[in-house]
Amino acid sequence: MPELPEMENYRRRLVEAVRNHVITDVEVNREKSVGVPVAEFVRRVNGRTVVDIVRRAKHLVFALDSGDALLLHLMLGGSMHYGTAVQRPLDTCQVIMSFGEQHLYFVGLRLGYLHLLTASELRAALAKLGLEPFDPALTPQLFTSLLTRRSTVLKVKLTDQHVIAGIGNRYSDEICFAARVLPLRKTGSLSGEELAALYRAMHTVLEQAIAAGGYMASPFSTTDTTTGGYNGRFFVYNRGGEACRVCGMPIVRTENAGRKVFYCEVCQH
Ligand SMILES: [Zn+2]
């Protein structure tokens, strides 16, 4: 599932492609994906201008000049592609937004969605999210107190969207590796030094992943050479049994609360 770096990468691509552009046509092939009747979606979206695209955690918000917003969550299997009619993806597109000759294709929106919301509905939808990892309000002191307030498995805490929003299964494991801390530790057992290392690792891992374009396999458009640049750069995630890039020992794959967990027994403590 795309996480903060992937969605931030998409946001940057979308700002270049469609910000301040008028939506000249809209096609909805799956009503559930948009959350309102198709006719209402078309009436409220067609002809509007996308005034901005902002990211909140793993969501993107397309702000329309009417004050309405489109709230996107790709969940598992969702992706976006931008191009001409000839470049339309072969997979089923649940929603297509057109900008003249260019089209924004939404693919794989089955668990994911592109909900049409009013400004107040949008506020309500995002109200329960925790702080962004890069929010200046999230100081090392607050980070420590959020993690240790109640002792829980570190990975569970890092991926709890009500605590810190935007980190998922994949980057939580990478952050723990970079901080040299085992993801299944209880947060109450972490030393001040380990908490400081986790705070730094959260920033560096996410920054590097954003800079490299995240891990999404397929490019946003034919001219996009950024997306997916972080693929192949993971240290532990999905590398069970493979050699640790630092010490050479096999990466451990296990499960916790139904989620995959990866770590190196030698490098992490
Ligand atoms: Zn190692």
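Described below are features of the structure shown in this document. These figures come from a predicted structure and were not determined experimentally.

1. Things to note about the packing of aromatic side chains
Argument step 1. Scanning the entire structure with this criterion turns up 10 aromatic pairs.
Argument step 2. Look at F143 and Y199: their rings are 5.3 Å apart centre to centre, the planes differ by 65°, and that puts the pair in the edge-to-face class. Note that F143 is positioned in helix 5 (residues 140-148) and Y199 in helix 8 (residues 192-212), a separation of 56 residues in sequence. Note on accessibility: F143 and Y199 belong to one class, buried.
Argument step 3. Consider the rings of Y215 and F234, whose centres lie 6.3 Å apart with planes at 70°: the pair is edge-to-face. Taken together, the positions of Y215 in the loop between helix 8 and strand 9 (252-256) and F234 in the loop between helix 8 and strand 9 put the pair 19 residues apart, joining distant regions of the chain.

2. Describing the side chain of E174
Argument step 1. Along the chain, the position of E174 falls in helix 7 (residues 169-179).
Argument step 2. An unpaired buried charge is present at E174: no salt bridge exists, and R245, the closest side chain of opposite charge, is 7.1 Å distant.
Argument step 3. Contact partners of E174, with chain neighbours within four places excluded, come to V205, F234, F235, V236 and Y237.

3. Describing the pairing of strand 8 (residues 113-117)
Argument step 1. Buried residues dominate strand 8, accounting for 4 of its 5 residues.
Argument step 2. Pairing geometry for strand 4 (residues 69-73) and strand 8, over 5 bridges, is antiparallel. Note on strand 8: the bridge partner recorded for A69 is L117.

4. Looking at the coordination of the zinc ion
Argument step 1. In this structure, C244 (SG), C247 (SG), C264 (SG) and C267 (SG) serve as the protein donors to the zinc ion, at separations of 2.2 to 2.4 Å.
Argument step 2. Of note is the zinc ion, whose 4 donor atoms meet at the metal with angles of 99 to 116° in an arrangement that counts as tetrahedral.
Argument step 3. Sequence spacing of the donors to the zinc ion: C-x2-C-x16-C-x2-C. A residue pair is termed long-range when its members are at least 10 positions apart, and C247 in the loop between helix 8 and strand 9 and C267 in the segment after strand 10 (259-263) qualify at 20 residues.

5. Brief notes about the nonpolar core
Soluble globular proteins tend to bury their nonpolar side chains together.
Argument step 1. Grouped together as the largest cluster of nonpolar side chains are 71 residues, with contacts concentrated most on F41, F62 and M80.
Argument step 2. The dominant element in this core, judged by the number of residues it contributes, is helix 8, at 11 residues.
Argument step 3. Counting only domains with at least three residues in this core, you end up with domain 1 (4-126) and domain 2 (140-263).
Argument step 4. Membership of the second largest hydrophobic core comes to 10 residues, among which are V61, A69, Y113 and L117.

6. Digging into the pattern of salt bridges
Argument step 1. One pass over the structure, following the stated rule, counts 14 salt bridges.
Argument step 2. E8 serves as the salt-bridge partner of R11, at 2.9 Å between the closest nitrogen and oxygen. In this pair, R11 and E8 are both assigned in helix 1 (residues 4-18), 3 residues apart and thus about one turn of the helix distant.
Argument step 3. Among the ionic contacts, a cluster of salt bridges with common partners joins E8, R11, R12, R55, R56 and E132.

7. Overview of the environment of L158
Argument step 1. Tracing the chain through its elements places L158 in helix 6 (residues 154-158).
Argument step 2. For L158, a relative accessible area of 0% corresponds to the buried category.
Argument step 3. For L158, the residues in contact, after removing those within four places along its chain, are F143, L147, I164, I167, S172, I175 and C176.

8. Describing a nonpolar patch on the surface
Argument step 1. A cluster of nonpolar residues, M1, L76 and L111, forms a patch on the protein surface that exposes about 300 Å² of accessible area.
Argument step 2. Structurally, L111 is set in the loop between strand 7 (102-107) and strand 8.
Argument step 3. Accessibility expressed as a relative area gives 55% for L111, which makes it exposed.

9. Some thoughts on the packing of helix 5 against helix 8
Argument step 1. For the pair helix 5 and helix 8, interaxial distance at closest approach is 10 Å and the crossing angle is 110°. Between helix 5 and helix 8, the interaxial angle falls into the category roughly perpendicular. Between helix 5 and helix 8 lies a crossing whose hand is right-handed. Contact residues: P140, F143, T144, L147 and T148 in helix 5; L195, L198, Y199 and M202 in helix 8.

10. Focus on unusual backbone geometry
Argument step 1. For N20, which is not glycine, the phi torsion reads 70° and is therefore positive.
Argument step 2. Looking at the element boundaries, N20 is found in the loop between helix 1 and strand 1 (25-28).
Argument step 3. A positive phi angle, close to 50°, is found at M75, a residue other than glycine.
Argument step 4. Inspection of the secondary structure puts M75 in the loop between strand 4 and strand 5 (79-83).
Argument step 5. Residue class for M75 comes out partly exposed when judged on its relative accessible area of 23%.

Reading the values: the criteria
Residues numbered from 1 in each chain as written. Predicted model: local features only at pLDDT ≥ 70, side-chain atom pairs only at ≥ 80, totals over all residues. Heavy atoms only, no water. Phe/Tyr/Trp six-rings, centres within 6.5 Å; stacked < 30°, edge-to-face > 60°. Helix = DSSP H or I, 4+ residues; strand = E, 2+ residues; numbered from the N terminus. Buried < 20%, exposed > 50% of the residue type's maximum accessible area, 1.4 Å probe, protein only. Lys, Arg positive; Asp, Glu negative; His and termini not counted. Salt bridge = Lys/Arg side-chain N within 4 Å of Asp/Glu carboxyl O. Contact = heavy atoms within 4.5 Å. Pairing = 2+ DSSP bridges. Donors = N, O, S within 2.8 Å, 3.2 Å for Na, K, Ca; no water. Tetrahedral: all angles 85-135°; square planar, octahedral: opposite > 155°, others 65-115°. Core = buried A, V, L, I, M, F, W, Y, C linked by side-chain atoms within 4.5 Å. Domains from an automatic or database assignment. Patch = residues over 30% accessible without salt bridge, like charges linked within 9 Å, V, L, I, M, F, W, Y side chains within 5 Å. Areas by Shrake-Rupley, 256 points an atom, 1.4 Å probe, with all protein chains shown as cover. Axes fitted to C-alpha atoms, helices over the stretch in contact; angles between N-to-C directions. Parallel < 35°, antiparallel > 145°, perpendicular 65-115°, else oblique. Left-handed = near helix turned anticlockwise from the far one by under 90°.

The values are spatial; any link to function lies outside them.
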